Amino acid sequence: MAQGEQGPSMLARLVLVLLGLGFLGAAWVWSHRSEPWAGQMVDRARETVER
């Protein structure tokens, strides 16, 4: 297989996974804040993903 056909490098994959985990962690923390609208936004985002 040629170099251009291998897809993203391991470093790029690691960065994407870490960004995803960071986003999920931030969403979880945000949903547990005292503002009720934050939890509602996270719930709506989860409903959208589950469709």
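Structure's up top.
In what follows, the accompanying structure is described.

Criteria and cut-off values
- Residues numbered from 1 in each chain as written.
- Predicted model: local features only at pLDDT ≥ 70, side-chain atom pairs only at ≥ 80, totals over all residues.
- Heavy atoms only, no water.
- Helix = DSSP H or I, 4+ residues; strand = E, 2+ residues; numbered from the N terminus.
- Buried < 20%, exposed > 50% of the residue type's maximum accessible area, 1.4 Å probe, protein only.
- 1 Å grid on protein atoms, 1.4 Å probe; cavity = no way out; pocket = protein on both sides within 12 Å on 5 of 7 lines; lining within 4 Å.
- Points joined across faces, edges and corners; volume = space filled by probe spheres on them.
- Nonpolar A, V, L, I, M, F, W, Y, C, P; charged D, E, K, R; others polar.
- Expected span 1.5 Å × (residues − 1).
- Arc of directions from axis to C-beta.
- Contact = heavy atoms within 4.5 Å.
- Patch = residues over 30% accessible without salt bridge, like charges linked within 9 Å, V, L, I, M, F, W, Y side chains within 5 Å.
- Areas by Shrake-Rupley, 256 points an atom, 1.4 Å probe, with all protein chains shown as cover.
- Salt bridge = Lys/Arg side-chain N within 4 Å of Asp/Glu carboxyl O.
- Polar contact = N/O pair within 3.5 Å; in protein donor to acceptor, adjacent residues only side chain to side chain.

1. Topic: the overall build of the protein chain
Point 1. In terms of regular secondary structure, the protein chain is built from two helices and zero strands.
Point 2. The buried share of the protein chain, taken over its 51 residues, is 10%.

2. Focus: the layout of surface pockets
Point 1. By volume, the largest pocket is sized at about 250 Å³.
Point 2. If you trace the largest pocket, you find it lined by Phe 23, Leu 24, Ala 26, Ala 27, Trp 28, Trp 30, Met 41, Val 42, Ala 45, Arg 46 and Val 49.
Point 3. Put simply, the parts of the chain that give the lining of the largest pocket at least two residues each are α1 (10-31) and α2 (36-50).
Point 4. A total of six residues in the lining of the largest pocket trace back to one element, the largest contributor, which is α1.
Point 5. Class assignment of the residues belonging to the lining of the largest pocket gives a composition of 10 nonpolar, no polar and one charged.

3. Description of α2
Point 1. The end-to-end C-alpha distance of α2 is 21 Å, a good match for the 21 Å that 15 residues give at a rise of 1.5 Å each.
Point 2. Taken together, the buried positions of α2 are occupied by Ala 38, Gly 39 and Val 42. Seen from one end, α2 has its buried residues packed into an arc of 95 degrees, which puts them on one side. Exposed residues on α2 whose side chains face more than 90 degrees from its buried face are Pro 36, Arg 44 and Thr 48.
Point 3. On its buried face, α2 sits against α1.

4. Thoughts on a nonpolar patch on the surface
Point 1. Residues Leu 11, Leu 14, Val 15, Leu 16, Val 17, Leu 18, Leu 19, Leu 21, Phe 23 and Leu 24 make up a contiguous nonpolar surface patch of roughly 1100 Å² in combined accessible area.
Point 2. Relative to the helices and strands, Leu 18 is located in helix α1.
Point 3. The exposed category is assigned to Leu 18, whose relative accessible area is 52%.

5. Quick notes on the environment of Thr 48
Point 1. Mapped onto the elements of the fold, Thr 48 is located in helix α2.
Point 2. The exposure class assigned to Thr 48 is exposed, which follows from its relative accessible area of 51%.
Point 3. Of note is the side chain of Thr 48, whose polar atom sits 2.9 Å from the backbone oxygen of Arg 44.

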